[in-house]
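Spelled out from the first residue to the last, the chains are:
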Amino acid sequence: MSCSRFLGSVGTIIIKCKDLRIIQLDIPGMEECLNIASSIEALSTLDSVTLMYPFFYRPMFEIVEDGWSAFLPEKEFEVLSSVTDEWRLSYINKDFSICPSYPPVVIVPRSIDDETLQKVAVYRHGGRFPVLSYYHKKNGMVMMRSSQPLTGTNGRRCKEDEKLVNATLRPGKRGYIIDTRSLNAAQQARAKGGGFEQEVYYPQWRRIHRCIERFNILQESLIKLVEACNDQSHNMDRWLSKLEASNWMTYIKEILTAACLAAQCIDREGASVLVHGTEGTDSTLQVTSLAQIILDPDCRTIQGFESLLVREWLQAGHPFQQRCAQSAYSNSKQKFEAPVFLLFLDCVWQILHQFPCSFEFNEHFLVTLFEHAYASQFGTFLGNNENERSKLKLQQKTMSLWSWVNQPEELKNFQNPLFEANSLVIWPSVAPQSLQLWEGVFLRWNRPSRFLDEAEEEMRRIIDYNRFLLDKVNSMRKQIMQTETEDGMDRMQEVQEEQEEQEVQKVQEVQEMQEVQEVQEMQEVQEMQEVQEMQKVQEVQEVQEVQEVQEVQEMQKVQEVQEVQEVQEVQEVQKVQEVQKVQEVQEVQKVQEVQKVQEVQEVQEMQEVQEMQKVQEIQEVQEMQEVQKVQEMQKVQEIQEVQEIQEVQEIQEVQKVQEMQKVQEMQKVQEIQEVQKVQEVQKVQEMQEVQEIQEVQKVQENP
Amino acid sequence: MWALQSKGKNSWIEERKQLGRALSHKQCHVQYNHHLEFSRGCQRLTNHRPRQLARLQRSVLPAYPSERVEYTQLVENVKLLDRYTNRRAASGTLYLTATHLIYVDASAEVRKETWILHHHIATVEKLPLTTAGCPLLIHCKNFHVAHFVIGQERDCHEVYTSLLKLSQPVKPEELYAFSYNPKMSKDNREIGWKLIDLKVDYQRMGIPNDYWEITDLNKDYEVCSTYPPEIVVPRAASKATVIGSSRFRSRGRIPVLSYLYKENNAAICRCSQPLSGFSARCLEDEQMLQAIREANPGSPFMYVVDTRPKLNAMANRAAGKGYENEDNYDNIRFKFIGIENIHVMRNSLQKLLEVCETKSPSMSDFLTGLENSGWLRHIKAVMDASVFLAKAVKDEKASVLVHCSDGWDRTAQVCSLASLLLDPFYRTFKGFMVLIEKEWIAMGHKFSHRCGHLDGDPKEVSPVFTQFIECVWQLMQQFPCTFEFNEHFLLEIHDHVYSCQFGNFLGTCHKEREDLKIFEKTHSLWPFLLQKKQELRNPLYRGFTAYKELQPNTLPFSFQFWCGMYNRFDKGMHPKQCVLDHLLSCMNQKIKLEDNASELENKLPFLDGPLPSEACYLSKVGCAASKTSMLNTPQDYQGEPPAVLSNGISVGDANVTSDVEQKNKENLANRRDLHRNDSVDVLNSEAKDGKPQHH
């Protein structure tokens, strides 16, 4: 809770909560008011994590299932290993030494050993080497996530990284790298030591850039949006322009689009995907987790969604403590504050809104998660990563949110009455007309929800009553069956009963079928659109690529040269071989007499090897030279730039000097002029004086 | 052009030539014969694609028996482009019938038809020739946009000119309603017209009473040509006062009662602007307002609300019109509520539709476009005005007199919405029909001009009624359990306002409808809609008594863009799973289950207590069941025996609608009416059932 004071004759405290609620307290007595205000201020801005509520919270309910151990990676891996043996658990990070923001256990390709991982970790930002995020059972495609590679300006490469990334591809298949930054941002990252995978070294991968904003841009967006929602003005234009200016809905659309793209690559294109941005702890997780919700029906259940949050947000190292410190009403600018998780929840809500029957949980569940991410009596969202959590001993000292949520009586509130499990991939629409402001969070305190709650209640009642009726009918049927068999009635009636039952079932089945068909039809339409959007995206990317091509021309030239050299190499080798064969034949013929064929051959082989080595050496030298040339070129350029800058500076200095001189000259001239003027004035004065004197003299002379 | 029916072969050929087609006489003969052949049962085509045409025969021929389809045009190899995506275009055949443009997609595996009623066509554009062919862009009044590409430029031009003629009938007799024949008996048609009786609604309000009377002063349209013969005026207003007042009001539209809030006698009255100019006054008009004020003894004053922006009202003074001078009338409180005029609204909608049509806009583009269109601002203005009226009546207990310029656009919007806010009856099927009949049709909203039914002045066209329908939808979003009907009902009404299939919305006022012999020659929409009640109802409706007055939030964020209206035919944008459909199927399932249950209960010889399994379940759902009694389900407010549902027809039809995209509802109706002679019985019982509700 952030709190601000506002003192009149009666003390007034306005408390602005992290869940966007604003409470006003009027307190008689200035001093009391001040005391309360400062207490709230102090208690809401605790320095130490260990002073926070979760460490003092004593639950009043009995723990049925401990949430801390509900989603262990080993257990999750069991499911995976029952489908494929291409993956293994790696404990390389068990003491958090390889990557401080990763969990102790990660899933990596079986063919990659820990030693390789270690090398890859050095090459990736923050040690976040590519790990498995999602395995698509339908076609065996995978989604990996990581941080950016540390290519730097030199285009550094890491063969182990290439090996690891390629190990996720099926033979002959291509993959997509989804970079959650714009191409520009990714290129700029090189200057800071970061970068992106270059086609040269990852030829089987195609890179796609999607621009998802980060940090303070998102935080400002949230602040603007909340401000707009709290505006009591009746001006429609003002509301719409504020909503537009906040850009919140734009970011929702961008994130959803990127997630759909990732899902599409996996499900439609049958390609594996690697997702990363810079650190791989924010936009990366938004994309990977949303893609799973789209692809995997399990993630749309309550348990599955919790598991997703644990895997893709908590264990994956989203820094909750930094990102969710103050919410929208923060006074001071927090450098690391950003509503990344709230945006994710909003996106989930958008999908839920478009597929109201496909989720086991309801909107209330998402709102609850939003609240607990920002302020909670449970320790689940404390700390920035597993490393910090283990140091804080959260498991021993605090309660898990899941222990509370997963109690049957609590779960009831989070269940969606419309839920009917379907195993389909659900493609949301990302058209602006399809996306809405999440009223459940942003307008929650600004208007009464009574009528909407009643609608929810009514819906629940209709569905519950239907279920009750269905059960009743079925149980009565059974009853009749039993009595009839006991009485030894004719089979005819039984058959009739069965037929009736079958009819009811058929009707139900037909209905279900129809629903599924409808959904499928809709999805087909949607899929088509998605594919087209993909195409558009691809087109855009192609354009980007063209730009890239221009920008990375130097690198590509190097590549081309290399390729040409490779070709030449092959050709040369072939020529050499042919020549050798000819020689062999000739020499065999010649040496038939001499019978020293083997020796000659050995010699020839030696020669071949030597030639090969020479060729390679030459090529390496050439490569080196090329690289050196490029580097030299760069240096030359840099030097030139520096020189230019120097020249410019010199010129500027010269100009300045000249200007100074001019100014000085001007001043001198002015001074001279002034002096002259003064002199003239003096002269005039003297003249006047003289005249006066003369006049006086005259007057005196002529009294 | 469909009027060709009676002209026969030669005149058909003459028409053809006039269309400017360079066809030889022989060619024309061939074509004519071909069309005849098509109309005789599509034999020629049946040979080619028997399976595909099976449906068309069913759809077209029953509605247009072979001897009646005289003009049909057919173009093959036509592409239908998807509006938003570059997906492979559908390829198929285009048919023009007397009433519809029908496109049959031959490329799809599942047969797909697109039906467009000629009356729904707002504009037809021929776009520049492309390599794929000649594009034809059709904008419909129900916001359907169809983009065809026709292979031959000649064919395209032909279709274009035909559609231009077909979509802009010149004479009222050319409208669909005069040829639409659902094969209903004369008696039933008359009963249909009598379904909505405004007198019954006035009775419901307690009129006539001590203060108000229903007068036939206007029976010969002498007081006002655009009012109905019977109007409700204060008992205290003498004939002279009424006549005098009518001379002082624009087009004689005197103050009459729109709605009486029985609880406190406060009334909503409506009229047109006074002819006050800069200083003119009229004693009778002042007496009239006094009579209205005194008809509500509970309040010492009354409001006079001018729904125009003040500037517009002041400008009118120069033309000898204007607004009431507070000094001249006793105890009135005068107020402007700035709702813009029809021209501003027309342009606003135009801008909104441009935004909706933009190909893959960014979020920013969309929101900026939405803002710049001003559409939601206008919707909010109408809603604000209605809320003001409702509050004045309910909270301040004061009567309100509302007018704009002529009192048939903004006034109709505001009065009908205020009634809807105040009275739960108007939120039922029957009540909503009454409301539209009363405030819009009877009081002379110029549907014919505003909807552009006939070829006329495009500046008279304006989406005034569309705005009203949207305001109701906005209310539905805020109060999901208060309306008996659902969104489809609103869309259905909106469709038929433009379709001219039924007589209700033809003409501009009651007098004109009488002159057109609407009541003898056409059918009423309402019985047709009541028949489809099952699919048009709101499953969440909590009944007539659950909510009384509504007080909507009118802060800007309470208004949403109505994707279901303006992007209605872009299915990809809508939620992929529809809660409404799901709940409607639940309701249907419920009835079947209840039947099953009672049947089984009879079979079970011993049923003194609940079964063991049932008892166990009862305890589980007990809380849900006990909170709101089982009797209080929305189903019980339908007042309809389950037998109607179990005849299976509505279910079967529902399937048809679901599997055929963009199915034209009118035609469904045709078939249903044809196949169901019992439909009218349902109707009758409906009418009888409806009546007790009034009292």
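Residues numbered from 1 in each chain as written. Chains lettered and ligands numbered in written order. Predicted model: local features only at pLDDT ≥ 70, side-chain atom pairs only at ≥ 80, totals over all residues. Heavy atoms only, no water.

For chain B, the name recorded in an unreviewed UniProt entry is Myotubularin related protein 8, with Meleagris gallopavo as its organism. UniProt, in the comment section headed Sequence similarities (unreviewed entry), describes chain B in these words: "Belongs to the protein-tyrosine phosphatase family. Non-receptor class myotubularin subfamily." (UniProt positions renumbered as here; feature names shortened; annotations may be inferred.)

Under the annotation held in an unreviewed UniProt entry, chain A carries the name Myotubularin phosphatase domain-containing protein and is attributed to Meleagris gallopavo. For the record of chain A, the UniProt heading Sequence similarities (unreviewed entry) holds the text "Belongs to the protein-tyrosine phosphatase family. Non-receptor class myotubularin subfamily."

(A) Focus on the overall build of chain A. Summing up its helical and strand segments, chain A has 22 helices and 10 strands in all. Looking at the 703 residues of chain A, the share that counts as buried comes to 47%. Taking as baseline every contact in chain A between residues at least 6 positions apart, the subset at least 24 positions apart corresponds to 75%. Carbon together with sulfur atoms contributes 51% to the accessible area of chain A, which is approximately 36400 Å² in total. (Helix = DSSP H or I, 4+ residues; strand = E, 2+ residues; numbered from the N terminus. Buried < 20%, exposed > 50% of the residue type's maximum accessible area, 1.4 Å probe, protein only. Contact = heavy atoms within 4.5 Å. Areas by Shrake-Rupley, 256 points an atom, 1.4 Å probe, with all protein chains shown as cover.)

(B) Highlighting the UniProt feature "active site" (unreviewed entry) in chain B. Residues and elements named next belong to chain B. Sequence positions flagged by UniProt for "active site" (unreviewed entry) are, in local numbering, Cys404. The class for Cys404 is buried, based on a relative accessible area of 2%. When residues no more than four places from it in sequence are discounted, the contact partners of Cys404 are Cys271, Gln273, Asp306, Thr307, Arg308, Asp409, Arg410 and Thr411.

(C) Main features of the sheet that holds strand β10 (residues 256–261) of chain B. Residue and element names in this part refer to chain B. Pairing is mixed in the open sheet, where five strands are placed in the order β10-β11-β14-β12-β13. Every other strand in the sheet has two partners, leaving β10 and β13 (332–336) as the edge strands with one partner each. The average angle at which neighbouring strand axes cross in this sheet is 20°, direction not considered. Bridge analysis of strand β12 (residues 302–306) against β13 gives five bridges, and the strand direction is parallel. Within the sheet, the bridge partner assigned to Asp306 lies in β13 and is Phe336. (Pairing = 2+ DSSP bridges. Axes fitted to C-alpha atoms, helices over the stretch in contact; angles between N-to-C directions.)

(D) Focus on the domain arrangement of chain A. The domain architecture assigned to chain A consists of domain 1 (10–45), domain 2 (73–447) and domain 3 (453–487). For domain 1 of chain A and domain 3 of chain A, the distance between their C-alpha centres works out to 53 Å. (Domains from an automatic or database assignment.)

(E) Just the pairing of strand β3 (residues 100–105) of chain B, in detail. Residues and elements named next belong to chain B. Most of β3 sits out of view: six of its six residues are buried. Every second residue of β3 is oriented toward a common face, with His100, Ile102 and Val104 on one face and Leu101, Tyr103 and Asp105 on the other, all of them buried. Here strand β2 (residues 90–96) pairs with β3 via five bridges, running antiparallel. Each bridged residue has a counterpart across the sheet, and for Tyr95 the counterpart in β3 is Ile102. Connecting β2 to the next strand, β3, in antiparallel fashion are three residues. Counted along the chain from β3 to the antiparallel partner strand β4 (residues 112–117), the turn is six residues long.

(F) The UniProt feature "binding site: substrate" (unreviewed entry) in chain B, seen in detail. Residue and element names in this part refer to chain B. In this numbering, the UniProt entry assigns the feature "binding site: substrate" (unreviewed entry) to Asn341, Ile342, Cys404, Ser405, Asp406, Gly407, Trp408, Asp409 and Arg410. The greatest C-alpha distance among the residues just named is 12.2 Å, despite their covering 70 residues of sequence, which places them together in space. With respect to the helices and strands, Asn341 occurs in the loop between β13 and α11 (342–357). Of the residues examined, Asn341 reaches a relative accessible area of 22% and is grouped as partly exposed. Sequence-distant contacts of Asn341, defined by excluding residues within four places in its chain, comprise Asn312 and Arg410. There is a polar contact of 3.1 Å between the side chain of Asn341 and the backbone nitrogen of His343. Tracing the backbone shows Ile342 in helix α11. The exposure class assigned to Ile342 is buried, which follows from its relative accessible area of 12%. Residue contacts for Ile342: discarding those within four places in its chain leaves Asp409, Arg450, Lys459, Glu460, Ser462 and Val464. (Polar contact = N/O pair within 3.5 Å; in protein donor to acceptor, adjacent residues only side chain to side chain.)

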